[in-house]
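Single-letter residue listing:
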Amino acid sequence: MPSKLVVIGNGMAGMRCVEEIVKRRPGHFKITVFGAESRPNYNRILLSKVLQGESRFEDIILHSLDWYQEHEVQLHSGEQVVRIDPEQRMIHTASGMQTEYDVLIIATGSVPFIPPIPGSDKKGVISFRSMEDCQIMTEYASQYRRAAVIGGGLLGLEAARGLLHLGMEAHVVHNASYLMNRQLDALSAGMLQQELEQQGMIFHLNRNTLKITGTTRAQGLRFDQGDRLAADLVVMAVGIRPHIRLAEQAGIQTGRAILVDDLMQTSEPGIYAIGECAEHRGISYGLVAPLYEQAQVLAAHLCEQPTAGYQGSIPYSQLKISGVHVFSIGDIQAPEAEDIVQQYDGVRRTYRRVLATRGSISGAILYGETAEGTALVEAVRRGQSAEEWLALNSTDAHVSMNPADAAAIALSPHSVVCACNAVTKCMILDTMTNFQLETADEVREHTRASGSCGGCRPTVEALVRCHAAGITESAPVAAEHAPAAEEIPAICSCTSLSHEGLRLQIHQQGWQTPAEVRQQLNWKTADGCLQCLPAIHYYLNTRRLIQSANLEYFPTDIAEMEIDHRLLENRHHVSGNLAQHTWTNTMPAAAVSSFMSTSLSASLLLHADPALLQQLPDSGDLLQQLYSRWQIIVPAVPLQLAAAVHSDGPAGVLLYDLAVCSSPAGWEIYAGGSSIGSFRRAELIAQMDSFYEAIRLLSLCIHYYYEQSDYGEPVWQWLERTSLPNVREQILNRYYEQHSESGMEGAISYEHDENAVPFLQRTM
């Protein structure tokens, strides 16, 4: 009898996995799918095309109702799952339906992020996430004239273009000084703004919305600078949040999203998660290509076929507005990135900028001509050297050729052209030859290439032109420059697991003791050794505290905190000419067996500048109370923390692991400094308005380091391994979640980022 497979979510990720399963091993599962929307599975990425009048809803359906019947997949559309019972292996729906499962896939996706702006609950305030949202916009366009879109990112601009098509006056409100500031630089963003203004959009930059005005419905916006904007429809396009409520209620381990391993398995046996609701190695992806890659891995695993597991993806951005071609990949703002190519053509309205970090291609911006984007994705993915990339892109044979065609020819045969559907260059060329195809539309029908997000369409068209001209040979790839797969060292000879692998296993399983960990993971040495034993204890301890209420990032009400002064030793000492208050607490790891209790210990040292204590009278009490909370943590290595009025004290806060210091614009939080071995300057994490907000963010940073660090890994190494942009994003997201839950007041500006998650930045 086939196993019972239940999928919660009838979206692109879940149904792609179902499609792969029935293709790989038909009849192996009895498949039941629950979808909250009363529609078949459709391509949500192309909603902007529907809104812009380029497609009908029927054109973006991925799996028709006939498809479900043909493959014996039972679909319950319009049926909301409200509870998962892991013990009984049962799901419950809002209508009272109960369904058993042997294997459960959670593919609940994400929900639109609606910032807590007063008036955001009024009628006429919507998001842009579903077909229903498109219908509401169409209805409003038939009655009203003016619309405002909050968010100048990809989704906001696509929504505004759709509103223009519907005949509305489209105003785009953005908190930054230029559009798509996470993906573009000022020059390319200026070109984009000029193009969109010519199409009819009106922009309000450097604006933070304080209130949505109106009595019974939205009638306009009021900004922090005091000016107002009349609007009958307000579209929120400031980000998404993973939909993880079901998993949380079922006791499945979550971070920002549902934590999964390389096989997409959650902490609960038999339950998997994919798509925007899943968090893999600290990242949740909001683009279609990574979701499809996850679906293929999970389908192979469930069908008992070989798979290397999901290794992460390289996200990139493309704007889906007719006639406007924009591509971006990588962290364009990274301070260590260097320009290797920057070309601007004001006549042809094209812009090309390619960046490298430590000698390897790491990012790019393309405007006007984006066919090269596919090749750049491949270059970033394999860490192609800048020298090799420049040599290939300056080949004499390509100098006089159309840049799009040259980029297509330069792709190696096995380069992925359509990441959404895993279609390679050789698959496209072979299909064109075998079926005598002559157009890009025919290629799409036969291979699906360019049939999802449409971002690869220029490359497909270039391949069609090259094939027709008989030019299909790929540029040679210098094998000696291909990076070898980096081998992650094992902790010790007792196991083949790395620190990251051990931490992931312990955090996702319910093991309680070191002996159980060693037994379950087939330790070669039964009792372990001095290298692995403290690491096991450390990861067990972090899991317990993460899952317990004791790991509270920051108290909502400082006044209610009780201080155990026995935990603190308050002393005064002088270092050079600088007086410091230092609260020191050294805690042995209680969980470590007795023979190790003296050798494994860690400490938190907090240094406070006397000038700070004089300038902010309450800061000493606040730091003492926070330090009392922090003392439950035994960090991966001893931590040195500092708080000062300026970066020169105490003893230069930029040489500390974590630090807070004042600046002309507010208070800055730094991480990753070091004065041990070699001097390292700390990196800026964020800037906040007040000292108390900065301390709140510092507390979040401490706990995130505690959750994600390897045993024995200092902060600076942790930052290098996990990447500074990712750490910033995760910490600021956590800050926002606490901010919204505690009801704190203050001006907040939100910056949209479809690539991952909402990003919060304080207004300076």
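In this text, all values refer to a predicted model and were calculated from it rather than measured experimentally. (Residues numbered from 1 in each chain as written. Predicted model: local features only at pLDDT ≥ 70, side-chain atom pairs only at ≥ 80, totals over all residues. Heavy atoms only, no water.)

> Sorry if this is basic, but what is going on with the overall build of the protein chain here?
Check the secondary structure of the protein chain and you find 23 helices and 38 strands. Split into buried and exposed, the 764 residues of the protein chain put 57% on the buried side. A separation of at least 24 residues holds for 63% of the contacts in the protein chain among residues at least 6 apart in sequence. With an accessible surface of roughly 32,200 Å², the protein chain has 48% of that area assigned to carbon and sulfur atoms. (Helix = DSSP H or I, 4+ residues; strand = E, 2+ residues; numbered from the N terminus. Buried < 20%, exposed > 50% of the residue type's maximum accessible area, 1.4 Å probe, protein only. Contact = heavy atoms within 4.5 Å. Areas by Shrake-Rupley, 256 points an atom, 1.4 Å probe, with all protein chains shown as cover.)

> How should I be thinking about the packing of helix α14 (residues 440–447) against helix α15 (residues 457–468) in this particular structure?
For any two helices packed against each other, one specifies the crossing angle of their axes together with the interaxial distance. Two elements in contact, α14 and α15, have axes separated by 9 Å at closest approach and are oriented at 110°. One way to sum up the angle between α14 and α15 is to call them roughly perpendicular. Of the two elements, α14 crosses α15, and the hand of that crossing is right-handed. Touching A440, D441, V443 and R444 of α14 are R457, V460, E461 and V464, all from α15. (Axes fitted to C-alpha atoms, helices over the stretch in contact; angles between N-to-C directions. Parallel < 35°, antiparallel > 145°, perpendicular 65-115°, else oblique. Left-handed = near helix turned anticlockwise from the far one by under 90°.)

> Help me understand empty space enclosed by the protein, please; the structure alone is not making it clear to me.
Applying the stated rule across the entire model yields five cavities of 30 Å³ or more. The computed volume of the second largest cavity comes to approximately 50 Å³. Around the second largest cavity, the lining residues are P112, F113, S127, F128, R129, L155, M236, A237, V238, G239 and I240. Residues of the lining of the second largest cavity, tallied by class, amount to eight nonpolar, two polar and one charged. (1 Å grid on protein atoms, 1.4 Å probe; cavity = no way out; pocket = protein on both sides within 12 Å on 5 of 7 lines; lining within 4 Å. Points joined across faces, edges and corners; volume = space filled by probe spheres on them. Nonpolar A, V, L, I, M, F, W, Y, C, P; charged D, E, K, R; others polar.)

> I would appreciate a short explanation of the sheet that holds strand β17 (residues 228–230) in the present structure.
Through backbone hydrogen bonds, the strands of a sheet pair up, either in parallel or in antiparallel fashion. Strands sit in the order β15-β16-β17 across an open sheet of three strands; the sheet is antiparallel. Lying at the two open borders of the sheet, with one neighbouring strand each, are β15 (209–213) and β17. Direction aside, neighbouring strands of the sheet carry axes that sit 20° apart on average. In the sheet, strand β16 (residues 220–223) pairs with β17 via three bridges, with the strands oriented antiparallel. Paired with G220 across the strands is A230, a residue of β17. (Pairing = 2+ DSSP bridges.)

> Whenever I open this one, the sheet that holds strand β2 (residues 29–35) confuses me. Can you help?
The strand order across the open sheet formed by five strands is β5-β2-β1-β9-β21, and the pairing between neighbours is parallel. Across the chains shown, the open sheet's two edge strands, defined by having one partner strand only, are β5 (73–77) and β21 (271–273). Recorded for the sheet is a direction-independent mean angle of 15° between the axes of neighbouring strands. For strand β1 (residues 3–8) and β2, the ladder comprises six bridges, and the chain directions are parallel. When the bridges of β2 are listed, K4 appears paired with K30. Where helix α1 (residues 12–24) meets the sheet, it contacts β1, β2, β5 and β9 (103–106), and its direction lies at approximately 165° from that of β2.

> For this particular structure, what's the right way to read the pattern of salt bridges?
Pairing between side chains of opposite charge can happen when their charged atoms approach one another. Taken as a whole and judged by the stated rule, the model has 30 salt bridges. When the shortest N-O distance is used, the salt bridge between D345 and R348 registers 3.8 Å. What makes R348 partly exposed here is its relative accessible area of 46%. We note a salt bridge from R503 to D710, for which the minimum N-O separation is 2.3 Å. Taken together, the residues R503 in helix α16 (residues 499–508) and D710 in the loop between α21 (691–708) and α22 (715–722) connect sequence positions 207 residues apart. Of the two residues, R503 and D710, neither departs from the other in class, the shared state being buried. One continuous salt-bridge network, built from bridges that share partners, spans D441, R444, E445, R457 and E461. (Salt bridge = Lys/Arg side-chain N within 4 Å of Asp/Glu carboxyl O.)

> Mind showing me how you'd approach the packing of aromatic side chains here?
In this description, an aromatic ring pair is defined by two values, namely the gap between the centres and the angle between the planes. Tallying each qualifying case throughout the model produces ten aromatic pairs. Taking 5.7 Å as the distance between ring centres and 90° as the angle between the ring planes, the aromatic pair formed by W67 and Y68 counts as edge-to-face. Among the residues examined, W67 registers a relative accessible area of 14% and is labelled buried. Given a relative accessible area of 2%, Y68 falls into the buried group. Each residue in the set Y538, Y539, Y706 and Y711 is aromatic and connected to the rest through ring pairs, giving one cluster. The ring of Y292 carries R16 above its face, with NZ or CZ at 4.3 Å from the centroid. (Phe/Tyr/Trp six-rings, centres within 6.5 Å; stacked < 30°, edge-to-face > 60°. Lys NZ or Arg CZ within 6 Å of the ring centre and 35° of its normal.)

> Looking at this model, I keep getting lost on the pairing of strand β27 (residues 360–367). Mind explaining?
When a strand is regular, its side chains alternate between the sheet's two faces. Here β27 lies mainly inside the structure; six of its eight residues are buried. With four bridges connecting them, strand β24 (residues 326–329) and β27 associate as antiparallel partners. Across the sheet, F327 pairs through a bridge with L366, a residue of β27. Across seven bridges, the pairing between strand β26 (residues 350–357) and β27 is antiparallel. From the neighbouring strand, Y351 faces β27, where its bridge partner is Y367. In textbook terms, the turn of a hairpin is the stretch between consecutive antiparallel strands, and for β26 and β27 this stretch comprises two residues, one of which, R358, has a positive phi near 50°.

> Help me understand the confidence of the model for the protein chain in this model?
A low pLDDT means the predicted coordinates there should not be read in detail. Of the residues in the protein chain, 78% have a pLDDT of 70 or more, and the chain-wide mean is 80. Predicted confidence is poor over residues 549–603, with pLDDT under 50, and the contacts of this stretch with residues over four places away or in other chains come to 125 contacts. Low confidence marks residues 743–764, where pLDDT is under 50. Its contacts with residues over four positions away, or in another chain, come to 91 contacts. (pLDDT = per-residue confidence, 0-100.)

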